[in-house]
Amino acid sequence: MSEFDRKFTPAEIRRLMGFSLDEMAKELGISHMTLQRREKGESEWRATEIKILSELSQIPVDRIDFLMHCPVRQTNIPQG
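Residues numbered from 1 in each chain as written. Predicted model: local features only at pLDDT ≥ 70, side-chain atom pairs only at ≥ 80, totals over all residues. Heavy atoms only, no water.

Participant: If you had to explain the overall build of the chain to someone new, which residues and values would you point to?
Facilitator: On a plain count of helices and strands, the chain comes out with four helices and zero strands. Secondary structure elements of the chain occur, N-terminal to C-terminal, as α-α-α-α. Here the contacts in the chain between residues at least 6 apart in sequence split such that 53% fall between residues at least 24 apart. Accessible surface, the chain: about 5100 Å² in total, of which carbon and sulfur atoms supply 51%. (Helix = DSSP H or I, 4+ residues; strand = E, 2+ residues; numbered from the N terminus. Contact = heavy atoms within 4.5 Å. Areas by Shrake-Rupley, 256 points an atom, 1.4 Å probe, with all protein chains shown as cover.)

Participant: Go over the nonpolar core with me, naming the residues and quoting the values.
Facilitator: Ranked by size, the top nonpolar core spans 15 residues in total, and within it Ile13, Leu28, Leu35, Trp45, Leu53, Ile64 and Phe66 carry the most contacts. Contributions of two or more residues to this core are made by helix H2 (21–28) and helix H4 (47–57). If one sorts the elements of this core by residue count, H2 sits on top with four residues. (Core = buried A, V, L, I, M, F, W, Y, C linked by side-chain atoms within 4.5 Å. Buried < 20%, exposed > 50% of the residue type's maximum accessible area, 1.4 Å probe, protein only.)

Participant: An account of helix H3 (residues 32–40) is requested, with residue identities and associated values reported.
Facilitator: Those residues of H3 that sit buried are Thr34, Leu35, Arg38 and Glu39. The buried residues of H3 all sit within an arc of 135 degrees when viewed along its axis, so they share a single face. Following H3 by one or two positions, glycine 41 adopts a phi angle in the positive range, close to 80 degrees. (Arc of directions from axis to C-beta.)

Participant: Account for the side chain of serine 57, naming residues and giving values.
Facilitator: Mapped onto the fold, serine 57 is located in helix H4. Leaving out residues up to four positions away in the same chain, serine 57 has contacts with Ile13 and Met17.

Participant: Pulling in residues and values, what's your account of the pattern of salt bridges?
Facilitator: Under the definition given, this model contains four salt bridges. Two residues, glutamate 12 and arginine 6, come together in a salt bridge whose shortest N-O distance is 3.2 Å. Of the residues examined, glutamate 12 reaches a relative accessible area of 24% and is grouped as partly exposed. (Salt bridge = Lys/Arg side-chain N within 4 Å of Asp/Glu carboxyl O.)

Participant: Before we move on, can you summarise unusual backbone geometry with the specific residues and values?
Facilitator: A positive phi angle, close to 60 degrees, is found at glutamine 58, a residue other than glycine. Following the sequence through the fold, glutamine 58 ends up in the segment after H4. Taking the relative accessible area as the measure of exposure, glutamine 58 reaches 71% and is therefore exposed.

The structure is reproduced here in structure tokens:
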């Protein structure tokens, strides 16, 4: 798998963008603690958060590694 084909975890995306937990949490409309739990896979990502993260990072949803490490409601994942 090339660097261009790999998936990125939400925490990797946040760090690549240079956002702190607080800054990214504010963009996502959630608390610092909620984002921390989401990144650790301790709570579910919501479809709106996934969409915002994808739009902010300009990384398509299918290249964000929510499914391997974090619980997600499969039926709520936006495409595109």
